[in-house]
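Residues per chain are reported as follows:
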Amino acid sequence: MGRRAADFRRPVRRNLSCWISSLFGLFCVAGFILFIIQHFHPIENKDPIRQPTLDKITRNVEVTHERLNFTEDIQSASSFARQLSEQMTLAKAYVIIAKEHNNLHLAWELTSKIRSCQFLLSKAAMRENPITLDEAKPIIKSLSSLIFKAQDAHYDIATTIMTMKSHIQALEERTNAATVQSTVFGQIAAEAMPKNLHCLNIMLMADWLNKKSLQDLANEKENSLRLVDNSLYHFAIFSDNLLAVSVVVNSTVSNADHPKQLVFHIVTNRVAYGPMQAWFLSNDFKGSAVEVLMIEDLTWLNHTHSPIVKRLTEEDVWAYYFKGHLDDNVEPKIRNPKYISLLNHLRFYIPQIYPQLEKVVFLDDDVVVQKDLTPLFSLDLHGNVNGAVETCLEAFHRFYKYLNFSNPLISSKIDPQACGWAFGMNVFDLIAWRKADVTARYHYWQEENSDKSLWKLGTLPVGLLAFYGLTEPLDRRWHVLGLGYDLNIDNRLIESAAVIHFNGNMKPWQKFGISRYRPLWERYVNQTHQYIQDCYIS
């Protein structure tokens, strides 16, 4: 077949080439125009994509300037404050190393820059604005130069780590020593009697000695039939702290439905006996009866009858508590002299002190009563001796935390997971007590612990053993503990409590008592009494 004439051939390839050429020309023109625009307007159109981002960052910075949290700023990985803080920490390490190598000039230079760094950080915190690059750059640069200089002086990272470890260990030892010292001082302060309480005791003792009418009234009341009437409600308090006992009695009668049916049995020592008698004979507690005994008059409580009396008078015990031969391995609280006070152990002799009574509520002197306690006397203890609130909501209040279960005498007889309970507000069925002879059980465990191998301190561990299997748990609201050491007790729990207990060193009658709880105690102090006013003002 012959070829077509030129006029009748397909123009496809030629048309495609023309289109490509046209498009290429248009792109070139567009590129040239964009180049001209960018070249002659660099400020207005430079980085059009990034510009909004910068504006956003600027706005964020302005907001941050208004409400800078310096703690968060110094923890931020991108902040100058964080960089300065880290450089300052490293510089402090090199200061120590430089001094140890007697390079005092380098140590002085580093210290000077550290102070500049501290001043800048303090300034930023005060003005509540972040540190700027212009502020940070000179210090960072100079500190970096000095750190490199220290490294060139052969203070390599290994040397730095070893030095830091030794200084950390030294600081830990100093911290531990300071903690122990603080605990000792706190313990001493807790044991001391405030001046105003001492003043009150002196004034009342003068009344007791000078006013024969008070002594006659005491003699008249000591044989009152109300003291042995089991149809009344009997409370036992053993203490030498006059004001504390007064608050316990006052708070109990103030919240009782029938205060005239309450009888309080107080036992104190020879020193506090006169002031105690003068106070309770001179003041009326809503018609309730108050009996005050002196522990020295309990002549049957002697070495023959009680092993604890013998133990508490031994020379090594007194040397341990009072002669100051401190052992760093012994907790300071274990040396609290209250643990060798016979008043503290008197709770185990309640049936012997009051042989005609059948049921007693025992109260510590650091409690405040907020509700009527007479319903306690009608509680069914199911044949048990002791009604108490359990404290094992936390694991550390179980028996194994109080007793030495590595001793077979303990481990063979006692369950280590048994729930602990608290002294401070206890209902004692004295009929069941005498039947179970709990006092004999107490004597047994005291004799077995003559070498302190079963427990270290206090009346609670021996109480857990003496009343083991004889304790009835009470509703937690009857007795809320911790107001002498715990700052975060729920207000609702405190308000619902029948008895609140200021156990711990921060007693409400001390100046360092927890201020949040102190008004709960102070409301039952007779602020109108002339002696209290005089002693608190003086």
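Analysis parameters
- Residues numbered from 1 in each chain as written.
- Predicted model: local features only at pLDDT ≥ 70, side-chain atom pairs only at ≥ 80, totals over all residues.
- Heavy atoms only, no water.
- Disulfide = S-S within 2.5 Å.
- Helix = DSSP H or I, 4+ residues; strand = E, 2+ residues; numbered from the N terminus.
- Buried < 20%, exposed > 50% of the residue type's maximum accessible area, 1.4 Å probe, protein only.
- Expected span 1.5 Å × (residues − 1).
- Polar contact = N/O pair within 3.5 Å; in protein donor to acceptor, adjacent residues only side chain to side chain.
- pLDDT = per-residue confidence, 0-100.
- Contact = heavy atoms within 4.5 Å.
- Pairing = 2+ DSSP bridges.
- Right-handed = clockwise from strand over helix to strand, strands pointing away.
- Axes fitted to C-alpha atoms, helices over the stretch in contact; angles between N-to-C directions.
- Phe/Tyr/Trp six-rings, centres within 6.5 Å; stacked < 30°, edge-to-face > 60°.
- Lys NZ or Arg CZ within 6 Å of the ring centre and 35° of its normal.
- Core = buried A, V, L, I, M, F, W, Y, C linked by side-chain atoms within 4.5 Å.

*Asks:* What's the story with the state of the cysteines in this structure? I'm lost.
*Replies:* Structurally, a disulfide amounts to a covalent bond that connects the sulfur atoms of two cysteines. Taken as a whole and judged by the stated rule, the model has two disulfides. Disulfide pairing places cysteine 199 opposite cysteine 535 at an S-S distance of 2.1 Å. Taking the torsion about the sulfur-sulfur bond, which here is approximately -75 degrees, the covalent link between cysteine 199 and cysteine 535 counts as left-handed. Of the two residues, cysteine 199 sits in helix α9 (residues 195-210) while cysteine 535 sits in helix α23 (residues 530-537), which places them 336 residues apart along the sequence. Of the two residues, cysteine 199 and cysteine 535, both sit in the buried class. A sulfur-sulfur separation of 1.7 Å characterises the disulfide bridge that pairs cysteine 392 with cysteine 419. Because the sign of the S-S torsion sets the handedness, a value of about -100 degrees for the bond joining cysteine 392 and cysteine 419 places this disulfide among the left-handed ones. Here cysteine 392 is found in the loop between β6 (386-389) and α17 (408-411), whereas its partner cysteine 419 is found in the loop between α17 and β7 (425-429), with 27 residues between them in sequence. Here the disulfide map of the protein chain reads 1-4, 2-3, the bonded cysteines being numbered as they appear in the sequence.

*Asks:* It is not clear to me how helix α11 (residues 242-254) should be interpreted in this structure. Could you clarify?
*Replies:* For the α-helix, the turn length of 3.6 residues means that residues three or four positions removed from each other point alike. Compared with the 18 Å implied by 1.5 Å per residue over 13 residues, the 18 Å span of α11 between its first and last C-alpha is a close match. Those residues of α11 that fall on the buried side of the exposure criterion are Leu242, Leu243, Ala244, Val245, Ser246, Val247, Val248, Val249, Ser251, Thr252 and Val253. You can read the cap of α11 off the contacts: a side-chain oxygen lies 3.4 Å from the backbone nitrogen of leucine 243, and it is on asparagine 241.

*Asks:* Would you take a moment to explain the confidence of the model for the protein chain for this structure?
*Replies:* One rule of thumb: low pLDDT means the predicted coordinates there are not for detailed reading. Averaged over all residues, the pLDDT of the protein chain is 82; the fraction at 70 or higher stands at 78%. Counting interchain partners and residues more than four positions distant, the pLDDT-below-50 stretch residues 1-14 has two contacts. Low pLDDT, under 50, characterises residues 39-65; the predicted model gives this stretch five contacts beyond four residues in sequence or across chains.

*Asks:* Quick question: what am I supposed to make of the pairing of strand β1 (residues 233-238) here?
*Replies:* When a strand is regular, its side chains alternate between the sheet's two faces. For β1, the tally of buried residues reaches five of six residues, placing the bulk of the element in the interior. Where β1 and strand β2 (residues 262-268) come together, six bridges link them in parallel fashion. Paired with phenylalanine 235 across the bridge in β2 is phenylalanine 264. Viewed along the sheet, the connection from β1 through α11 into β2 turns out right-handed.

*Asks:* Got a minute to help me understand the sheet that holds strand β8 (residues 471-474) in this structure?
*Replies:* By way of backbone hydrogen bonds, the strands of a sheet pair with one another, either parallel or antiparallel. With mixed pairing, seven strands are arranged side by side in an open sheet as β3-β2-β1-β4-β7-β6-β8. The open sheet is flanked by β3 (289-294) and β8, the only strands paired with a single partner. Averaged over all adjacent pairs, the angle separating strand axes in this sheet is 25 degrees, with direction ignored. Across five bridges, the pairing between strand β4 (residues 359-363) and β7 is antiparallel.

*Asks:* Where do I start with the packing of aromatic side chains in this structure?
*Replies:* Where two aromatic rings form a pair, the distance of their centres and the angle of their planes describe that pair. For the coordinates displayed, the defined rule picks out 21 aromatic pairs. On the basis of an interplanar angle of 70 degrees and a centroid distance of 5.1 Å, the ring pair of tyrosine 444 and tryptophan 445 is categorised as edge-to-face. What makes tryptophan 445 buried here is its relative accessible area of 6%. Linked through ring pairs, Phe238, Trp300, Phe348, Tyr349, Phe362, Trp421, Phe423, Phe428, Trp433, Tyr442 and Phe467 together constitute an aromatic cluster. The ring of phenylalanine 423 is capped by arginine 347, whose NZ or CZ atom sits 4.7 Å from the centre of that ring.

*Asks:* What is the right way to look at the nonpolar core in this model?
*Replies:* Ranked by internal contacts, the top residues of the largest apolar core, which has 64 residues, are Leu200, Phe280, Leu363 and Leu373. Considering each element in turn, this core owes the most residues, eight residues, to α11. Ignoring anything within four residues of it in the chain, the contact list for leucine 200 reads Leu242, Leu243, Trp279, Tyr531, Ile532 and Cys535. Ranked by size, the runner-up nonpolar core spans 45 residues in total, among them Ile353, Phe423, Leu454 and Ala466.

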